[in-house]
Each structure stands twice: as C-alpha cells, then as structure tokens.
Amino acid sequence: QKEVEQDPGPLSVPEGAIVSLNCTYSNSAFQYFMWYRQYSRKGPELLMYTYSSGNKEDGRFTAQVDKSSKYISLFIRDSQPSDSATYLCAMSEGQGGKLIFGQGTELSVKP
Amino acid sequence: GAVVSQHPSWVICKSGTSVKIECRSLDFQATTMFWYRQFPKQSLMLMATSNEGSKATYEQGVEKDKFLINHASLTLSTLTVTSAHPEDSSFYICSASAARARFHEQFFGPGTRLTVL
C-alpha cells in the first residue's frame, strides 16, 4: 500500500465548475500537507500548505485536512482553462522533512 | 524570489555515457537540496537529499554509485548519471530549501528531461 493515494484521473470539467481533488494517506505522523500544481514538462509549484488539521482558503482555492480520517482535499471554485494541469498532494512529518507525493490528478478545464 | 534553475532542460545521450545535471538556487542560499525522479504519469520520487559540504543521503533502492550528487556550495548541486542506460530515461527535478523559509519550503526547479538511446 502506498503511503499517499491519489486518483490519477484524468478529470475533465467545464469552465466555471467546482473541482474537488483528494488524497488519502496512511502515516499518522504527517503534519504538513501541501498541494502543488505541475504544468506539462515543468517543475511543481506550491499552491497551498496546511499544518495539521483544518481549512485554509486562498482566492479560488480551499485546502482541507481531516487528520482523523487521513484525508485531504483541494477545492477549486470557478475553475478556469488556465487551471488545467496536474495537481499533486504532498505530505511530510516535520518542517524540512521528506516530502511524500501522491501520484497526481490530471485536470482539464474545458472552455 | 526563491527561484531554482536547472541545466540543461533536456538532454539526449547514448547508452553508457555519463550526464551531469546542475541545480542552482538563484536568489537564496539553500541549506538543503533534493533530487527527484518522475516517470510519465507518475509521482515524484525522492532520490536523495544533500546538504552543502556533506555527503548526500540516498533513498532506499537508489544506487549512489550510479547517481553521483555533489553539493559544493549553498547555491549549486549537481547530479551525475553515470553509465546511463535507457531505463534511466526520466524527468529529473531538483528542489532547494532554506531553513529560514516558512516550514522549510522546498522550491522546485523546472526539471531536466533525460533520454538515453
């Protein structure tokens, strides 16, 4: 069993839709939870990070962490074609710790 | 700020040759640099962690004699793939972090695509 599981998709939605991306994990020691966006043939860029449980909002993006269920989510409101990319969740046990990535979900937002 | 570059962005080489990839933090001093490998439609897999001036720590299953990592300064780390074979073809991504960055955030380079013929 992988430490971090993420549905690879692909996920296709119409412009303006609400997108929900999810990851589950097995290591209860994870404390830092990140979402990265990766465009084709590029390095990942950090979108959101959350420490421990709770919600965090940044513009059209909301990250949720439920440590009791070992489940994290990223919501994208009013999705745009420019949001089309692969979204990777990542987790670590501590600051500067090893990042464990999910497989990534390929998202396509159609105009 | 927090820009990480990689060079080259892509490279094609013959089987049996060695290839060096550079990773530079352009506007900050990186206490730690990481090297990842990503196969198509797959996640990033950590290969090794390196701190300036010390030997790299390799993940289980990664051959340290095949993937040579040098972290000679706080802004430069290199990965050399020795005696490359077609199965080494992959997307190699480095990241750099600084202790004073929030939660020691890793900043990722744009990646290097290696194709071994």
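Residues numbered from 1 in each chain as written. Chains lettered and ligands numbered in written order. Predicted model: local features only at pLDDT ≥ 70, side-chain atom pairs only at ≥ 80, totals over all residues. Heavy atoms only, no water.

A look at the packing of aromatic side chains
Counted according to the given criterion, the structure contains ten aromatic pairs over all chains. Plain terms: the ring middles of Tyr36(B) and Phe108(B) are 5.5 Å apart, the flat faces sit at 45 degrees to each other, and that makes the pair tilted. A residue pair is termed long-range when its members are at least 10 positions apart, and Tyr36(B) in strand S4 (residues 32–38) and Phe108(B) in strand S10 (residues 106–108) qualify at 72 residues. One aromatic cluster in this structure is built from Tyr36(A), Phe101(A), Tyr36(B) and Phe108(B). Seen from the ring of Tyr49(A), Lys56(A) lies directly overhead, with NZ or CZ sitting 3.8 Å from the centre. (Phe/Tyr/Trp six-rings, centres within 6.5 Å; stacked < 30°, edge-to-face > 60°. Helix = DSSP H or I, 4+ residues; strand = E, 2+ residues; numbered from the N terminus. Lys NZ or Arg CZ within 6 Å of the ring centre and 35° of its normal.)

Section: the sheet that holds strand S3 (residues 19–25) of chain B
Residues and elements named next belong to chain B. One open sheet holds the four strands; their spatial order is S1-S3-S8-S7, and the pairing between them is antiparallel. One side of each edge strand has no neighbouring strand; the edge strands of this open sheet are strand S1 (4–7) and strand S7 (67–73). Strand-to-strand twist in this sheet, taken as the mean axis angle between neighbours without regard to direction, amounts to 15 degrees. Both S1 and S3 contribute to a ladder of four bridges, which runs antiparallel. Looking across to S3, one finds that histidine 7 is bridged to glutamate 22. (Pairing = 2+ DSSP bridges. Axes fitted to C-alpha atoms, helices over the stretch in contact; angles between N-to-C directions.)

Topic: the nonpolar core
The biggest cluster of nonpolar side chains holds 26 residues, and the ones touching the most others in it are Val4(B), Phe28(B), Trp35(B), Phe67(B), Leu79(B), Tyr92(B) and Leu114(B). Of all the secondary-structure elements, those providing two or more residues to this core are strand S2 (10–13), S3, S4, strand S5 (44–51), S7, strand S8 (76–81), strand S9 (90–97) and strand S11 (112–116) of chain B. In contact with Leu114(B), other than residues within four places in its own chain, are Val11(B), Cys13(B), Val19(B), Val81(B), Asp88(B), Ser89(B), Ser90(B) and Tyr92(B). Judged by nonpolar contacts, the second largest core, of 25 residues, contains Met48(A), Ala63(A), Ile72(A) and Tyr87(A). (Core = buried A, V, L, I, M, F, W, Y, C linked by side-chain atoms within 4.5 Å. Buried < 20%, exposed > 50% of the residue type's maximum accessible area, 1.4 Å probe, protein only. Contact = heavy atoms within 4.5 Å.)

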